[in-house]
Amino acid sequence: MGAFIALGVFQGAVYGLLAVGIVLVYKAKRVFNFAQGEFGGVAAFTAFSLVVSLGLPYWVGVAGGLAAAVAMGLTVERVIVRPLESESRTIMLVALVGVALFTIAIIVLLGQPIPRVMPPLVQGTGLNLLGAGILPQQLILLAVLAVLAAAMAWFFKTDLGLAVLASSQDTRAAQVVGISPVAISRLVWGMAALLGGIAGLLYAPVGIFTPGFMTLTMLVPAFAAAVLGGMTSLPGAFVGGIAIGVVQNLGIYLLGQQLKVPGAAELGVFALLMLVLLIRPQGLLGKEA
Amino acid sequence: MATATMTFARVKVQRRFGLALRVTLVIALLAVAALPLVYGGDVWAQRISRAAIYAIIGLSINTLTGHAGQISLGHQAFVGIGAFAAAFTASRLGAPLGFGLAAGAVAGMATAAVVGMVALRVTGLYLALVTLAFGLTAETTIFNWREFTGGGAGAFAPRPDILSGDRAFALLCLGVLALVLYADWRLVSTKAGRALAAVRNDERIAATLGIDTTGYKLAAFSLSGLAAGLAGGLFAHWNQVVQAMDFEFQVALVWVLMTVVGGLRSRLGVVLASAFFALLPLTLPNFLSGLPWQPPFLNEAVYHVLPPFIVVVMLLLVLRFFPGGLGQLLRPATRWLTKGGRR
Amino acid sequence: MSRRQLLKVEGLSLRFGGLQVLDDLSLTVREGRIVGLIGPNGAGKTSCFNCLTGIYRPQGGRVFFDGKDVSHLPTHRRARRGIARTWQNLGVIDALTVTENVMLAQHQRAGYSALAGMLGLAGTWHRERELRRDAAEIIEYFGLEDVADERAGELPYGVRKTCDMAMALATDPKMLMLDEPASGLSPEEALALGTTLRELRDRLRLTILMIEHHVPLVADVCDYVYVLNFGRLLTEGEPEAIQRHPEVIAAYLGGAAEPGAGSDGGTVPVAAADGPPDWPLVPEGPHSDGRPDGTA
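On a predicted model such as this, the values are computed, not experimentally measured, just so you know.

Parameters and conventions
- Position numbers for residues start from 1 in each chain and track the written sequence from start to end.
- Note on labels: chains are lettered from A, ligands numbered from 1, in written order.
- Residues qualify for local features only when their pLDDT is at least 70, as the model is predicted, and side-chain atom pairs are given and counted only at 80 or more; totals for whole chains, interfaces and linings, by contrast, use all residues.
- The basis for the side-chain values is all heavy atoms of the structure; hydrogens and waters are excluded.
- Labels follow the DSSP assignment, with helices taken as runs of H or I lasting at least four residues and strands as runs of E lasting at least two, numbered in each case from the N terminus.
- Under the scheme applied here, a residue whose accessible area is under 20% of the maximum for its type counts as buried, over 50% as exposed, and between as partly exposed, the area being computed with a 1.4 Å probe on protein chains only.
- For this analysis, residues touch if any pair of their heavy atoms sits within 4.5 Å.
- Method for areas: the Shrake-Rupley scheme with a 1.4 Å probe, in which residue coverage is limited to the protein chains shown.
- Take the accessible area each of two parts loses on contact, using a 1.4 Å probe, and add the two losses: that sum is the buried area.
- Think of it as three bins: nonpolar holds Ala, Val, Leu, Ile, Met, Phe, Trp, Tyr, Cys and Pro, charged holds Asp, Glu, Lys and Arg, and polar takes everything else, Gly as well.
- Pairs of strands are assigned from DSSP output, requiring at least two bridges between the strands.
- A clockwise path from the first strand over the helix to the second, with the strands pointing away from the viewer, defines a right-handed crossover.
- Pairing of aromatic rings covers Phe, Tyr and Trp, the last through its six-membered ring, and needs centres within 6.5 Å; plane angles under 30 degrees mean stacked, over 60 mean edge-to-face, and all others mean tilted.
- The criterion for a charge sitting over a ring is simple: Lys NZ or Arg CZ within 6 Å of the ring centre, and within 35 degrees of the ring normal.
- To count toward a patch, a residue needs a relative accessible area above 30% and no salt bridge. Like charges then connect within 9 Å, nonpolar side chains (Val, Leu, Ile, Met, Phe, Trp, Tyr) within 5 Å.
- Here, a salt bridge means any Lys or Arg side-chain nitrogen found within 4 Å of an Asp or Glu carboxyl oxygen.
- Charged residues are defined here as Lys and Arg on the positive side and Asp and Glu on the negative side; His and the ends of the chain fall outside this count.
- Every charge is mapped to an atom, namely NZ of Lys, CZ of Arg, CG of Asp or CD of Glu.
- Buried Ala, Val, Leu, Ile, Met, Phe, Trp, Tyr and Cys residues that are joined via side-chain atoms within 4.5 Å together make up what is termed a nonpolar core.
- Axis lines are fitted through C-alpha atoms, for helices just across the contact stretch, and the angle between N-to-C directions can take any value from 0 to 180 degrees.
- Any N or O atom pair separated by 3.5 Å or less is treated as a polar contact, with the protein-specific requirement of one donor-capable and one acceptor-capable atom, and with residues adjacent in sequence counted only for side-chain atom pairs.
- In this description, the arc belongs to the directions extending from the helix axis to the C-beta atoms.

Student: Mind showing me how you'd approach the overall build of chain B here?
Tutor: Looking only at helices and strands, one finds 14 helices and two strands in chain B. For chain B, buried positions account for 53% of its 343 residues. Sequence separation of at least 24 residues holds for 80% of the intrachain contacts in chain B that already meet a minimum separation of 6. Element-wise, carbon and sulfur atoms account for 69% of the exposed surface of chain B, whose accessible area totals about 15000 Å².

Rendered as structure tokens:
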């Protein structure tokens, strides 16, 4: 059971990364970004192509993957989000669902729908914690998270960061600081895509991955994490991610292994999501209703 | 005085002639549409069944999203549960097909009503999230529940002798589609349609006019689930075997997008777009392999993802240029055809 | 004053966070009367309407309608008891035509169930034709027949406002609640509205509760007036008494009203659609020259 909790924390950290991207977009644009998972999908497949297929160094793969994710984020912002800004939020949501499907289709078209194995950055057995074998990959994850958290804490104290946070309430606030709303919009989508890309690169080496793996397995837990954090809190989304990861793995342990219920992980996340939405819709850490 | 009478008479003649022309045209169009069923053999009969099933699914999503303004990204759960319920009734209980279809419809409705009850406490974007999560959860739990779905091998749904022929089955599917279309038409033409329009646009206004907004939204969920379950039941007997992999979440997303492409609240648009996306995976491989030049990356697996690819491209075009979808494009024609009649 | 009490409100209190919107508000509307609810902007008039129709859930107080406690009924059940309202920003569904809007308002007296309609049962076709005929009658009464088949969203403000009123009437109410029926109307239109309201009261025996800033209209048609200030009842009485009430004048000219609003000279400012909180009741002298005629 300890092993499941430890596993949950690491998996939850990746959910948290995606959730932070989701919250960032929601704060700035009041839309649910159903394409968030595929930023990670694009990053993972680009990195795989560069490292495994072309045999380039690992860091080239990482840089290429992240660049691809950010390029996708900016493209989505320009081609989908800005033209549809005046449409209803349902239409925007349908369009973003379309983006996710489109991306999966492109990945399949270019690279066939076969499972792939991404090698981890560092090989080795690592150490043992609570009965779970912690791989070096997961220690790297922790280091990356620490750096990211520090960077974001710093960023949101700068003028630019504050303008981003204020943009949902008041487009004029951004203009007062001298930044155009368009620039903010680009920045938000670029950052969300970068976070999604990092999540994808961290998650892909954990097991085999197939086209659409991020949307299929990560998106709903990530959204649940964002909701748990109240949809507007960046640290809340991250903490929520870890909580979801732990609940999911406890679900696998209790329901799946002990009671043999199929789909225990999904069931656990769904139940938690419903509980939060019905009992405490403002989230565990959210402030306003 | 005389000229006035003559003008009047001419207008009358023109009007009668116009009506005859329009009726002839509609009959001709229907006849053309029926050609593949008559001369196309079993292959086309199967395709028409599939198109009709997709059209019922499209209309089911239209009921929820078009009429009630609620979104569902988990429709594969309702259709899938309907399909498994029908298969279970047919193969395990050995009941006649009608019972299976009814069981599918009831199962779909019950599931949708439960989801609706929970989902109505959340709104808008959260509803999309809840339905998406529900669809994925149903996919991995209910559809993998061995006793109910027969596990990996799937559940069998044999057809009775009278419907064993593909043409007879196609007629059944078209008949059910006709019923669903009729119900949708009456729904929007009577008080429920107006009430749903009010609920969709402004719930406060609707409530002050005496409309039970929660009740109507729940009814829309149930109705949508009923049609989806019915479509699932037909699908089970169409394929004669149901497997969990038939109801992946991408399928549900394609359904939502195809309905939007067809045009929310446009029966004709939804039916045409649904039929198009039903036939695409069946006809595309033949079409592509018949091309003089073969793109290098094409293979079986790719055919599988082309429909989502195409639906997305169409969606983006539609959203940019015709927010009303195919229905908006066709509106001048349909308006002329139904001229004089009420909407 | 021996008429039956149709609406009775006891000790209504509404808070939003720390803001006391309504404070122990009590009022009574007798059957067949036109009662005015006036007060500076932000006094809580529309909030009061929202509490009466069940859109807001007040923290305290009770609402009796037609002799029964309706405090815990949801909005649509109150509507079915006979409470109809119009909206400041219009209760018209833009996507529907004027006829469809009026038929929408006939929802509760359609006489068939939604399911029967969907199945196309025989009686429903007949009832639909009857509803359409009734709607045409109401539309004609309000002079909307030329735009009956136009989408409401494409019509000018004044026409949509009339449509809103037609809809409230089409619900076949016992009490009509009007939220600033004269805003956005020209002075002539406002006078015509007065005639209409009196006609509704006298011929259809409707009871009317209305929020209004337009003084001549209030003075012209209201039998009784309640004055709200900061969510509390400031005073109540017949319109001409209210106009001379020192506290009322102070409330409008003092703290609540914005500086520069109205009252220079004897002209009566007509409140614009979403305009400044004009001082509607003319303070100087008993004979306000904005009054259309001598009636009170």
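Student: Looking at this model, I keep getting lost on the overall build of chain C. Mind explaining?
Tutor: When you go through chain C residue by residue, the secondary structure sums to 10 helices and 10 strands. Expressed as a percentage of its 296 residues, the buried residues of chain C come to 53%. Long-range pairs, those at least 24 residues apart, make up 67% of the contacts in chain C between residues at least 6 apart in sequence.

Student: Sorry, what's going on with the interface of chain A and chain B here?
Tutor: How big an interface is tends to be reported as the loss of accessible area on association of its parts. Counting from both sides, the interface comprises 43 residues of chain A and, opposite them, 41 residues of chain B. At the boundary of chain A with chain B, total buried surface from both sides reaches about 3800 Å², with 86% on carbon and sulfur atoms. Those elements that provide at least two residues to the side of chain A that touches chain B are helix H3 (58-81), helix H4 (89-111), helix H9 (213-228) and helix H11 (264-279) of chain A. A per-class count over the side of chain A that touches chain B returns 34 nonpolar, five polar and four charged.

Student: Teacher, can you tell me more about the pairing of strand S8 (residues 207-211) of chain C here?
Tutor: Look at any regular strand and the pattern is simple: side chains alternate between the two faces of the sheet. Residues and elements named next belong to chain C. Judged by how many residues are buried, S8 sits mostly within the fold: five of five residues are covered. Side chains of S8 alternate between two faces, with Thr207, Leu209 and Ile211 and Ile208 and Met210 buried alike. Here strand S3 (residues 34-38) pairs with S8 via four bridges, running parallel. Across the sheet, residue isoleucine 34 finds its bridge partner in S8, namely isoleucine 208. The pairing of strand S7 (residues 175-179) with S8 spans five bridges and is parallel. Paired with aspartate 179 across the two strands is isoleucine 211, which belongs to S8. Tracing the backbone out of S7, into helix H7 (residues 187-203) and back to the parallel element S8 gives a crossover that is right-handed.

Student: Whenever I open this one, the packing of aromatic side chains confuses me. Can you help?
Tutor: One pass over the structure, following the stated rule, counts 24 aromatic pairs over all chains. Relative to phenylalanine 32 of chain A, the ring of tyrosine 26 of chain A has its centre 5.5 Å away and its plane inclined at 65 degrees; by these criteria the two rings are edge-to-face. Phenylalanine 32 of chain A carries the same exposure label as tyrosine 26 of chain A, and that label is buried. A centroid spacing of 6.1 Å and a plane angle of 5 degrees characterise the contact between tyrosine 203 of chain A and phenylalanine 213 of chain A, whose relative ring orientation is stacked. Of this pair, tyrosine 203 of chain A sits in helix H8 (residues 181-203) while phenylalanine 213 of chain A sits in helix H9; the two residues are 10 residues apart in sequence, bridging distant segments of the chain. Three or more aromatic residues joined by ring pairs make a cluster, and in this case those are Tyr26, Phe32, Phe34 and Phe223 of chain A together with Tyr126 of chain B. Sitting over the face of the ring of tryptophan 336 of chain B, arginine 22 of chain B holds its NZ or CZ atom 5.8 Å from the ring centroid. Seen from the ring of tryptophan 44 of chain B, arginine 47 of chain B lies directly overhead, with NZ or CZ sitting 4.9 Å from the centre.

Student: I keep staring at the sheet that holds strand S5 (residues 68-69) of chain C and nothing clicks. Help me out?
Tutor: By definition, the strands of a sheet pair up through backbone hydrogen bonds, in either a parallel or an antiparallel sense. All names here are of chain C. Spatially, S2-S1-S4-S5 is the arrangement adopted by the four strands of the open sheet, whose pairing is antiparallel. Lying at the two open borders of the sheet, with one neighbouring strand each, are strand S2 (19-30) and S5. Judged from the two bridges that link them, strand S4 (residues 60-65) and S5 form a sheet pairing that is antiparallel. Looking at S5, one finds that phenylalanine 65 is bridged to lysine 68.

Student: Honestly, the environment of leucine 264 of chain B in this entry has me stumped. Any pointers?
Tutor: By secondary structure assignment, the location of leucine 264 of chain B is in the loop between helix H11 (249-262) and helix H12 (267-289). When near neighbours in sequence (up to four residues on either side) are disregarded, leucine 264 of chain B contacts Asn62, Thr65, Gly66 and Thr259 of chain B.

Student: When you look at a negative patch on the surface in this model, what are you seeing that I'm missing?
Tutor: A surface patch of negative charge is lined by Glu137, Glu140, Glu145 and Asp146 of chain C. Residue placement: glutamate 137 of chain C occurs in helix H5 (residues 122-141).

Student: What exactly am I supposed to notice about the pattern of salt bridges here?
Tutor: Two side chains of opposite charge can pair, provided their charged atoms sit close to one another. Using the criterion set out here, one finds 19 salt bridges over all chains in the structure. Ionic pairing is found between arginine 194 of chain B and glutamate 128 of chain C, a salt bridge with its closest N-O pair at 3.0 Å. Of the two residues, arginine 194 of chain B is situated in helix H8 (residues 191-201) and glutamate 128 of chain C in helix H5; the pairing between them involves two chains. Neither residue differs from the other here; arginine 194 of chain B and glutamate 128 of chain C are each classed as buried. Two residues, aspartate 23 of chain C and arginine 232 of chain C, come together in a salt bridge whose shortest N-O distance is 3.3 Å.

Student: Please clarify how the pairing of S7 of chain C should be interpreted in this entry.
Tutor: Residue and element names in this part refer to chain C. The buried fraction of S7 is high, at five of five residues. Covered by surrounding structure in S7 are Met175, Met177 and Asp179 together with Leu176 and Leu178, the residues of both alternating faces. With three bridges joining them, strand S6 (residues 83-85) and S7 adopt parallel strand pairing. Bridge pairing in S7 links arginine 85 to methionine 177.

Student: How should the nonpolar core be read in this particular structure?
Tutor: A general tendency of soluble globular proteins is for nonpolar side chains to be buried together. The biggest cluster of nonpolar side chains holds 178 residues, and the ones touching the most others in it are Phe32, Phe34, Leu93 and Met231 of chain A together with Leu73 and Phe247 of chain B. Not counting the four nearest positions on each side in its chain, leucine 93 of chain A is found in contact with Phe32 and Phe34 of chain A together with Ile71, Leu73, Leu125 and Ala128 of chain B. Formed by 103 residues, the second largest nonpolar core is a distinct cluster that contains Leu37, Val70, Ala168 and Leu193 of chain C.

Student: Any chance you could explain a positive patch on the surface here in plain terms?
Tutor: Residues Arg265, Arg331 and Arg335 of chain B together with Arg151 of chain C make up a contiguous surface patch of positive charge. Residue position: arginine 151 of chain C is located in the loop between H5 and helix H6 (157-170).

Student: Just checking my understanding: could you explain the sheet that holds S6 of chain C for this structure?
Tutor: Residues and elements named next belong to chain C. The strand order across the open sheet formed by six strands is S6-S7-S8-S3-S9-S10, and the pairing between neighbours is mixed. Strands with a single pairing partner mark the edges of an open sheet, and in this sheet they are S6 and strand S10 (232-237). Strand-to-strand twist in this sheet, taken as the mean axis angle between neighbours without regard to direction, amounts to 20 degrees. Each of S6 and S7 is contacted by H6, which is oriented at about 160 degrees to S7, the strand it contacts most.

Student: Even after reading the chapter, I still don't get unusual backbone geometry, so can you show me in this structure?
Tutor: A negative phi angle is the norm for most residues apart from glycine, just as the trans form is the norm for most peptide bonds. Residues and elements named next belong to chain C. The phi angle at leucine 90 is positive, at roughly 75 degrees, despite the residue not being glycine. Structurally, leucine 90 is set in the loop between S6 and helix H3 (98-105). At phenylalanine 230, a position not held by glycine, the phi torsion is positive, near 50 degrees. By the element assignment, phenylalanine 230 lies in the loop between strand S9 (224-229) and S10.

Student: I tried to follow the side chain of serine 71 of chain C on my own but got confused; where do I start?
Tutor: All names here are of chain C. One can find serine 71 in the loop between S5 and helix H2 (75-81). A relative accessible area of 12% means that serine 71 is categorised as buried. Within the local environment of serine 71, its side chain forms a polar contact with the backbone nitrogen of valine 63, the two atoms lying 2.9 Å apart.

Student: Please explain helix H6 (residues 159-166) of chain A as it appears in this structure.
Tutor: For an α-helix, 3.6 residues make a turn, and residues three or four places apart therefore share a direction. For H6 of chain A, the complete set of buried residues consists of Gly161, Ala163 and Val164 of chain A. Angular distribution of buried residues about the axis of H6 of chain A spans 160 degrees; they occupy a single face of the element.

Student: So what exactly am I meant to see when it comes to the interface of chain B and chain C here?
Tutor: Taken together, the contact pairs 27 residues of chain B with 38 residues of chain C. In total, chain B and chain C occlude about 2800 Å² of area from one another, counting both sides; carbon and sulfur atoms represent 64% of this. It is Lys191, Arg194 and Leu209 of chain B in chain B that bury the most area against chain C; as a group they hold 26% of the surface buried on that side. On the surface where chain B and chain C come into contact, there are one salt bridge. Remark: the boundary between chain B and chain C carries three residue pairs in polar contact (both at pLDDT 80 or more). Elements with a minimum of two residues in the side of chain B that touches chain C: helix H7 (166-189), H8, helix H9 (203-208) and helix H10 (213-239) of chain B. Tallying contributions element by element places H8 of chain B first for the side of chain B that touches chain C, with seven residues. Counted by class, the side of chain B that touches chain C contains 14 nonpolar, five polar and eight charged residues.

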